[in-house]
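So the chains spell out like this:
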Amino acid sequence: MKGDKKIIDILNNLLAGELTAVDQYLIHGEMYADFGLAHLAEKSLHESDHERQHARALIQRILFLEGTPNLAKRDALKVGKTVPDMLKSDLAVEYKVVGELKKAMAACEKAQDYVTRDMLAIQLEDTEMDHAYYLEKQIRLIELVGLQNYQQSQMNSGTPA
């Protein structure tokens, strides 16, 4: 089905953001693991996989609209050096994605591409309710219990906080 070029371009921009998030969560997950913070490592690596699923959905939609997915484009990674910096960097990526998704949904509405809009609404809910909320909660926990206590709580393997 021939899609609107503007929508395909928007989807490719969203794809760049998702691929950036995949890479950033991956490096942070491996850094957490190297620090011995198994809970954070597990959650970050899970988020990397989840962002990859978002990227895959965008690729599939671009192909369906007879566009060409651009997998070469990425935003700059913001790799943190400390746990709070990593959490805040990941949260900044999520906030950026939220804004871009909302703009994209409005463009889809205007172009009357309701299927793409609905797909993006699912990604928006994941981003706001799962990814961003988790990161906000971790930052609040650090403020509440202190960095050392927080990091100690993230050391054992098992279910992430």
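Shown above is the structure to which this text applies.
Residues numbered from 1 in each chain as written. Predicted model: local features only at pLDDT ≥ 70, side-chain atom pairs only at ≥ 80, totals over all residues. Heavy atoms only, no water.

**Q** Go over the overall build of the chain with me, naming the residues and quoting the values.
**A** Within the chain, the secondary structure is distributed over five helices and zero strands. In the chain, the succession of α and β elements from N to C terminus is α-α-α-α-α. In summary, the chain has a C-alpha radius of gyration of 17 Å against a globular reference of 15 Å for 161 residues, a match within 12%. Here the chain holds 161 residues, and 45% of them are scored as buried. Contacts in the chain between residues at least 24 apart in sequence constitute 80% of all its contacts with a sequence separation of at least 6. (Helix = DSSP H or I, 4+ residues; strand = E, 2+ residues; numbered from the N terminus. Rg over C-alpha atoms; globule rule 2.2 N^0.38 Å. Buried < 20%, exposed > 50% of the residue type's maximum accessible area, 1.4 Å probe, protein only. Contact = heavy atoms within 4.5 Å.)

**Q** Tell me about helix H4 (residues 114-145), residues and numbers included.
**A** Taking 1.5 Å as the rise per residue, H4 with 32 residues should run 46 Å; its terminal C-alpha atoms sit 45 Å apart, in good agreement. By the largest-angle criterion, Tyr133 marks the main kink of H4, which is about 35°. Once H4 finishes, Gly146 follows within two positions and takes phi at roughly 90°, a positive value. (Expected span 1.5 Å × (residues − 1). Bend = angle between axes of the 7 residues up to and from the residue.)

**Q** Please provide a residue-by-residue account of the packing of helix H1 (residues 5-35) against H4, values included.
**A** Direction vectors running N to C along H1 and H4 enclose 25°, while the axes themselves pass 13 Å from each other. By the angle between their axes, H1 is roughly parallel relative to H4. Crossing angle aside, the handedness with which H1 passes H4 is left-handed. Within the contact between the two elements, H1 uses Ile7, Leu11, Leu14, Glu18 and Tyr25 and H4 uses Thr116, Met119, Leu120, Gln123, His131 and Leu135. Across the contact of H1 with H4, the residue classes tally to seven nonpolar, three polar and one charged. (Axes fitted to C-alpha atoms, helices over the stretch in contact; angles between N-to-C directions. Parallel < 35°, antiparallel > 145°, perpendicular 65-115°, else oblique. Left-handed = near helix turned anticlockwise from the far one by under 90°. Nonpolar A, V, L, I, M, F, W, Y, C, P; charged D, E, K, R; others polar.)

**Q** Give me the lowdown on the nonpolar core, citing residues and values where you can.
**A** Counting residues in hydrophobic clusters, the biggest one holds 40 residues, and the most contacted among them are Leu11, Leu14, Tyr32, Leu40, Val83, Leu87 and Leu120. Broken down by secondary-structure element, the contributors of at least two residues to this core are H1, helix H2 (38-64), helix H3 (83-110) and H4. Top element by residues in this core is H3. It accounts for 12 residues. Discounting chain neighbours no more than four positions away, the residues touching Leu11 are Leu58, Arg61, Ile62, Leu65, Thr116, Met119 and Leu120. (Core = buried A, V, L, I, M, F, W, Y, C linked by side-chain atoms within 4.5 Å.)

**Q** Explain the side chain of His50 to me, using residue names and the numbers behind them.
**A** Its place among the elements puts His50 in helix H2. His50 gets classed as buried once you look at its relative accessible area, which sits at 15%. Within polar-contact distance, the side chain of His50 engages the side chain of His131 at 2.8 Å. (Polar contact = N/O pair within 3.5 Å; in protein donor to acceptor, adjacent residues only side chain to side chain.)

**Q** Kindly report on unusual backbone geometry, identifying the contributing residues and their values.
**A** A positive phi is found at Glu66, a non-glycine position, where the angle reads about 65°. On the secondary structure map, Glu66 appears in the loop between H2 and H3.

**Q** Explain the pattern of salt bridges to me, and be specific about the residues and the numbers.
**A** Counting across every chain of the model gives 10 salt bridges. One salt bridge connects Asp130 with Lys43, and the closest N-O pair in it is separated by 3.7 Å. With Asp130 in helix H4 and Lys43 in helix H2, the pair connects residues that are 87 residues apart, well separated along the chain. A salt bridge links Arg117 to Glu109, with the shortest nitrogen-to-oxygen separation between them at 2.6 Å. In the salt-bridge network here, residues are joined through shared partners; they are Lys43, Glu47 and Asp130. (Salt bridge = Lys/Arg side-chain N within 4 Å of Asp/Glu carboxyl O.)

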